[in-house]
Amino acid sequence: VITARGFQIDQWQYDGVPIDRNTYALGNWGQENMVTYDRLEVLRGASGMLVGTGSPGGSVSLVRKRPTATRSVSMTARAGSWDHVGAQLDVSSPLNADASLRGRVIVDEDDTHSFVDQVWSKNRTLYAALDYDLGPATTLGLAISNVNDHGRPTFIGLPRYVDGSALNLPRSTFTGADWNRSEARQTNVYLDLEHHFNSQWSLKASAVNMRENTSSVHQRVAMPINPDGSGARYGDFGMDFDNRKRGIDTYVRGKFDGMGMAQEVLVGA
């Protein structure tokens, strides 16, 4: 969950299209795989006034990676503590002689365990994008991403005594069951059209279709424990969630001089 100026940000923008993200059953609590995104933009302030919709506290915008006009190949490997390994291949290239058609493909694999015994996760991300210049001032974009994440998570942490003091257990202690599991799959389809009338005025229309499936069964010791060891009970969590969201955002942006000052206007829906 992300908050700004005391307000929870319930909608995130995906390439400018607002999508509701404050859904407890997602199981990821607002976490987002960043493999397919070029950057994350954060704006503090009233979203309704500044970007058209959202929280009074601010907005979060995820800007996806676009194909490039020059050919590039990037290979990345990573390794870390607790058997964390991963690799990524990112290929972008023009697909015709004048580079009016461009493509990009990303494949990412990530596998890690944890400082908590028996906790692990595996993640695979696939991404493909096309940009096509319909003319010198008009570009059509299409992309699809798929994220598949599964593993054995741990929630909340270790229990404590009723007076709040620690049990002095090793931080690697796992109080759950060996059948604990979590699966999350997300598929996004992006479509956008951008046209520049001139250097001052432009039109952009964007659409996003998001499909998510999450399921989890989880058990752990969750209740306060008495000094004699009694009171310990299991907390159980189970969820099977299928969610589809669609968003469309269209706007015209322009600049002009008026009343002796530079003016900017934004009209959209």
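You'll find the structure just up there.
First, a word on what this report is: a plain description of the structure on this page. (Residues numbered from 1 in each chain as written. Predicted model: local features only at pLDDT ≥ 70, side-chain atom pairs only at ≥ 80, totals over all residues. Heavy atoms only, no water.)

**A look at the overall build of the protein chain**
When its secondary structure is counted, the protein chain shows 1 helix and 15 strands. Over its C-alpha trace the protein chain gives a radius of gyration of 23 Å, far above what one expects of a compact globule, namely 18 Å for 269 residues. Viewed in the frame of its principal axes, the protein chain has a C-alpha envelope of about 75 × 45 × 30 Å. In the protein chain, 59% of the contacts between residues at least 6 apart in sequence involve partners at least 24 apart. Carbon and sulfur atoms provide 56% of the accessible area of the protein chain, an area that totals close to 15300 Å². Measuring between centres, the 27 positive side-chain charges of the protein chain sit 1 Å from its 30 negative side-chain charges. (Helix = DSSP H or I, 4+ residues; strand = E, 2+ residues; numbered from the N terminus. Rg over C-alpha atoms; globule rule 2.2 N^0.38 Å. Contact = heavy atoms within 4.5 Å. Areas by Shrake-Rupley, 256 points an atom, 1.4 Å probe, with all protein chains shown as cover. Lys, Arg positive; Asp, Glu negative; His and termini not counted. Charge placed at Lys NZ, Arg CZ, Asp CG, Glu CD.)

**Side note on the sheet that holds strand S14 (residues 234-258)**
The antiparallel open sheet is built from 9 strands, whose spatial order is S7-S8-S9-S10-S11-S12-S13-S14-S15. Taken across any chain shown, the strands that pair with only one partner, and hence form the sheet edges, are strand S7 (72-80) and strand S15 (261-268). Neighbour-to-neighbour, the strand axes of this sheet turn through a mean angle of 10°, independent of strand direction. Here strand S13 (residues 202-221) pairs with S14 via 20 bridges, running antiparallel. Bridge pairing links Asn213 to Asp242 in S14. (Pairing = 2+ DSSP bridges. Axes fitted to C-alpha atoms, helices over the stretch in contact; angles between N-to-C directions.)

**Let's talk about the environment of Gly6**
Examined against the element boundaries, Gly6 turns out to sit in the loop between strand S1 (3-4) and strand S2 (7-8). Assessed through its relative accessible area of 77%, Gly6 is described here as exposed. Along the chain, Gly6 and Gly57 lie 51 residues apart, while their C-alpha atoms are 6.7 Å from each other. (Buried < 20%, exposed > 50% of the residue type's maximum accessible area, 1.4 Å probe, protein only.)

**Digging into the pairing of S7**
Examined bridge by bridge, S7 and strand S8 (residues 84-94) share 9 bridges and lie antiparallel to one another. In the strand pairing of S8, Ser74 is matched with Asp90. Counting the residues in the hairpin turn of S7 and S8 gives 3 residues, including Trp82, whose phi is positive at 60°.

**Quick look at the packing of aromatic side chains**
This structure, assessed with the given rule, holds 2 aromatic pairs. A cation sits over an aromatic face here: Arg171 above Phe115, 4.5 Å from the ring centre. (Phe/Tyr/Trp six-rings, centres within 6.5 Å; stacked < 30°, edge-to-face > 60°. Lys NZ or Arg CZ within 6 Å of the ring centre and 35° of its normal.)

**Examining unusual backbone geometry**
With a phi close to 60°, Trp82 is a non-glycine residue in the positive phi region. In this structure, Trp82 sits in the loop between S7 and S8. The exposure class of Trp82 is partly exposed, given its relative accessible area of 43%. A positive phi angle is found at Asp83, which is not glycine, with a value near 60°. Assignment of secondary structure puts Asp83 in the loop between S7 and S8.

**What to know about a nonpolar patch on the surface**
A surface patch of nonpolar side chains, amounting to about 820 Å² of accessible area, comprises Leu95, Leu130, Tyr132, Leu134, Leu140, Leu142, Ile144, Val189, Leu191 and Leu193. Put simply, the parts of the chain that give the nonpolar patch at least two residues each are strand S10 (120-135), strand S11 (138-152) and strand S12 (181-196). Here Leu140 lies in strand S11. (Patch = residues over 30% accessible without salt bridge, like charges linked within 9 Å, V, L, I, M, F, W, Y side chains within 5 Å. Salt bridge = Lys/Arg side-chain N within 4 Å of Asp/Glu carboxyl O.)

**Concerning the sheet that holds strand S4 (residues 17-20)**
Taken in spatial order, the 4 strands make up an open sheet running S4-S3-S6-S5, and their pairing is mixed. Edge positions in the open sheet fall to S4 and strand S5 (37-44), since each of these has one partner strand only. Across the sheet, the axes of successive neighbouring strands diverge by a mean angle of 25°, strand direction being ignored. Pairing of strand S3 (residues 11-14) with S4, which is carried by 4 bridges, proceeds in the antiparallel orientation. Bridge assignment links Gln11 to a residue of S4, and that residue is Asp20.

**Side note on the nonpolar core**
Trp12, Tyr14 and Tyr190 are the most contacted members of the largest nonpolar core, which totals 17 residues. Elements supplying a minimum of two residues to this core: S3, S4, strand S6 (58-64), S10 and S13. (Core = buried A, V, L, I, M, F, W, Y, C linked by side-chain atoms within 4.5 Å.)

**As for the side chain of Asn180**
Considering the arrangement of structural elements, one finds Asn180 in the loop between S11 and S12. Reaching out from Asn180, the side chain makes a polar contact with the backbone oxygen of Gln219 at a distance of 3.0 Å. Among all residues touching Asn180, those that are not within four sequence positions of it are Gly151, Arg152, Pro153, Phe174, Val217, His218 and Gln219. (Polar contact = N/O pair within 3.5 Å; in protein donor to acceptor, adjacent residues only side chain to side chain.)

**Focus: the side chain of Thr112**
Among the structural elements, Thr112 can be located in strand S9 (residues 101-113). For Thr112, a relative accessible area of 16% corresponds to the buried category.

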